[in-house]
Amino acid sequence: MAASIFKSLPNGITCCNLISGCIAVKFAFDANPRMAFLFIIIGAVFDFFDGFTARLLKVSSPIGKELDSLADDITFGLAPSAMAFVLLKQCAVPSSLLGAEMVYPYAAFVMAAFSALRLAKFNLDERQTTSFIGLPTPANAIFWGAVACGLNPVLLTSPAAAYIIIVFVFISSALLVSEIPMFALKFKDFSWAHNKVRYIFLAVSLALIIAFGITGLAIAIMWYLMLSLLTEKR
């Protein structure tokens, strides 16, 4: 009995990630980006601990891997897409898009589809054991959560907001499935020599968050992309 419970524990934690993602989607559609972002962060915590627990208990399984991808697409794919959808519904309609205002917000869900594709590729790509190829879905979700929370007032008053959001939806989608190598925040040890890039990233990101608040998280994701381009080899 106890062995069965321990074996199921990582999948239970993964399901908590999925439930957090569902709640995030609900708050996103309610135009409550702060609560949506909070549950994305909670989902990210569960996402970390399900893999950690599976390795600790040595109970990794194929079904756990598939369940993890499903949960991640809800929390880090659908939830940020819902945030972008609501932003597009709220912002001013450009004159060139008049008559299409009931249609173009749905472009946001392209990002959910590309998140699913990115997760499927990750499951099959043996190159991504210690680093990533393409933008990780949690990083993309953090970017959109920070944009929806921190830049909401600015976006809603800009006449070009709809264009900006749609362009960034497609840029995000392309980055998710790109062949750009990106470093992972996985520490095998804590030495400077082996983790110099990670320490630099974390230090600058902390400074950005202190300086810009929640918007600093969005800037930190762009910093992560830039630093990966400068340091990671193809």
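Residues numbered from 1 in each chain as written. Predicted model: local features only at pLDDT ≥ 70, side-chain atom pairs only at ≥ 80, totals over all residues. Heavy atoms only, no water.

**Observations regarding the overall build of the chain**
Using the following cut-off: The numbering of helices and of strands both runs from the N terminus, where a helix is a DSSP run of H or I of at least 4 residues and a strand a run of E of at least 2. It is over C-alpha atoms that the radius of gyration is taken, and the globule rule equals 2.2 Å times the number of residues to the power 0.38. Each residue's exposure class comes from its accessible area (1.4 Å probe, protein chains only) as a fraction of the maximum for that residue type: buried when under 20%, exposed when over 50%, partly exposed otherwise. Two residues qualify as a contact provided that any one of their heavy atoms is within 4.5 Å of a heavy atom in the partner residue. Per-residue accessibility takes into account occlusion by the displayed protein chains alone, with areas from the Shrake-Rupley method and a 1.4 Å probe. Charged residues are defined narrowly, with Lys and Arg counted positive, Asp and Glu counted negative, and His plus the chain ends left uncounted. In plain terms, the charge of a residue is placed at NZ if it is Lys, CZ if Arg, CG if Asp and CD if Glu.
In terms of regular secondary structure, the chain is built from nine helices and two strands. The order of α-helices and β-strands along the chain, N terminus first, is α-α-α-α-β-α-α-α-β-α-α. Taken over the C-alpha trace, the chain has a radius of gyration of 18 Å; the compact-globule value for 234 residues is 17 Å, and the two agree within 12%. Each of the three principal axes of the chain carries a C-alpha extent, and together these read 60 × 45 × 30 Å. Put simply, the chain has 234 residues, and 44% of those count as buried. Counting only contacts in the chain whose residues sit at least 6 apart along the sequence, the fraction spanning at least 24 positions is 75%. Summed over its atoms, the accessible surface of the chain is roughly 12,100 Å², and 74% of this surface lies on carbon and sulfur atoms. Within the chain, the 13 negative side-chain charges are centred at a point lying 6 Å from the centre of the 16 positive side-chain charges.

**Topic: the packing of aromatic side chains**
The condition is simple: What counts as a ring pair is set by centres within 6.5 Å for rings of Phe, Tyr and Trp (its six-membered ring), and what kind of pair is set by the plane angle: stacked under 30 degrees, edge-to-face over 60, tilted for all other angles. A ring is considered to have a charge above it if a Lys NZ or an Arg CZ atom is located within 6 Å of its centre and within 35 degrees of its normal.
Counted by the stated rule, this structure contains 14 aromatic pairs. Taking the centre distance of 5.9 Å and the plane angle of 20° together, the rings of phenylalanine 27 and phenylalanine 39 count as stacked. Separated by 12 residues along the polypeptide, phenylalanine 27 in helix α1 (residues 2-29) and phenylalanine 39 in helix α2 (residues 33-57) bring together distant segments of the chain. Each member of the pair, phenylalanine 27 together with phenylalanine 39, is buried. Here a set of aromatic residues connected by ring pairs shows up, and it is made of Phe29, Phe85, Tyr106 and Phe109. If you follow lysine 26 out to its NZ or CZ, it ends over the ring of phenylalanine 27, 5.0 Å from the centre.

**Concerning helix α7 (residues 161-176)**
Selection criterion: Multiplying 1.5 Å by the helix residue count minus one yields the expected span of that helix.
If you check α7, its first and last C-alpha atoms are 22 Å apart, about what 16 residues at 1.5 Å a residue would give, namely 22 Å. Regarding α7, the residues found buried are Ala161, Ala162, Ile165, Ile166, Val169, Ser172, Ser173, Leu175 and Leu176. Here the buried face of α7 lies against α3 (62-90), α4 (110-124), β1 (131-133), α5 (137-150), α6 (152-157) and α9 (215-231).

**So, the environment of leucine 202**
Mapped onto the fold, leucine 202 is located in helix α8 (residues 192-212). The contact partners of leucine 202, leaving out residues within four places of it in the chain, are Leu185 and Phe187.

**Regarding the nonpolar core**
We apply this condition: Here the nonpolar core consists of buried residues drawn from Ala, Val, Leu, Ile, Met, Phe, Trp, Tyr and Cys, with membership extended through side-chain atoms lying within 4.5 Å.
Ranked by internal contacts, the top residues of the largest apolar core, which has 53 residues, are Ile40 and Ile165. Put simply, the parts of the chain that give this core at least two residues each are α1, α2, α3, α5, α7, β2 (181-183), α8 and α9. With nine residues, α3 is the largest single contributor of residues to this core. When near neighbours in sequence (up to four residues on either side) are disregarded, isoleucine 165 contacts Ala84, Leu87, Leu88, Cys91, Trp144 and Leu155.

**Details of the side chain of serine 228**
Structurally, serine 228 is set in helix α9. Leave out the neighbours within four places in its chain, and serine 228 touches Pro181, Met182 and Phe183.

**A word on a nonpolar patch on the surface**
This is how the line gets drawn: What goes into a patch is any residue over 30% in relative accessible area without a salt bridge, connected to like charges within 9 Å or, for nonpolar side chains (Val, Leu, Ile, Met, Phe, Trp, Tyr), within 5 Å. A side-chain nitrogen of Lys or Arg and a carboxyl oxygen of Asp or Glu constitute a salt bridge if their distance falls within 4 Å.
A contiguous nonpolar patch, built from Ile41, Val45, Phe48 and Phe49 and spanning about 350 Å² of accessible area, is present on the exposed surface. Inspection of the secondary structure puts phenylalanine 49 in helix α2. Residue classification places phenylalanine 49 among the partly exposed residues on the basis of a relative accessible area of 38%.

**Description of the state of the cysteines**
Simply put, disulfide is the name for a covalent bond between the sulfur atoms of two cysteines. What counts, and what does not: Throughout, disulfides are identified as pairs of cysteine sulfur atoms within 2.5 Å of each other.
Per the stated rule, a full pass over the model turns up zero disulfides. Of all cysteine sulfurs, the one in cysteine 15 lies closest to cysteine 16, which takes part in no disulfide; the gap is 7.2 Å. Its sulfur unpaired, cysteine 91 is 16 Å from the next cysteine sulfur, which belongs to cysteine 149.

**Section: the packing of α3 against α7**
Which entries qualify depends on this criterion: Note on method: axes are straight lines fitted to C-alpha atoms, helices fitted across the in-contact stretch only, with angles between N-to-C directions ranging 0 to 180 degrees. The labels follow the angle: roughly parallel below 35 degrees, roughly antiparallel above 145, roughly perpendicular from 65 to 115, and oblique for the rest. Handedness of each helix crossing follows the sense of rotation of the near helix against the far helix: counterclockwise by less than a right angle gives left-handed, clockwise gives right-handed. All amino acids are sorted into three groups, where Ala, Val, Leu, Ile, Met, Phe, Trp, Tyr, Cys and Pro are nonpolar, Asp, Glu, Lys and Arg are charged, and the leftover types, Gly among them, are polar.
Where α3 contacts α7, the two axes come as close as 9 Å, and the packing angle between them is 160°. In terms of orientation, α3 and α7 fall into the roughly antiparallel class. α7 is crossed by α3, and the crossing has left-handed handedness. For the pair formed by α3 and α7, the contact residues are Ala84, Leu87 and Leu88 on the first element and Ala162, Ile165, Ile166 and Val169 on the second. Residue classes in the contact of α3 with α7 are distributed as seven nonpolar, no polar and no charged.

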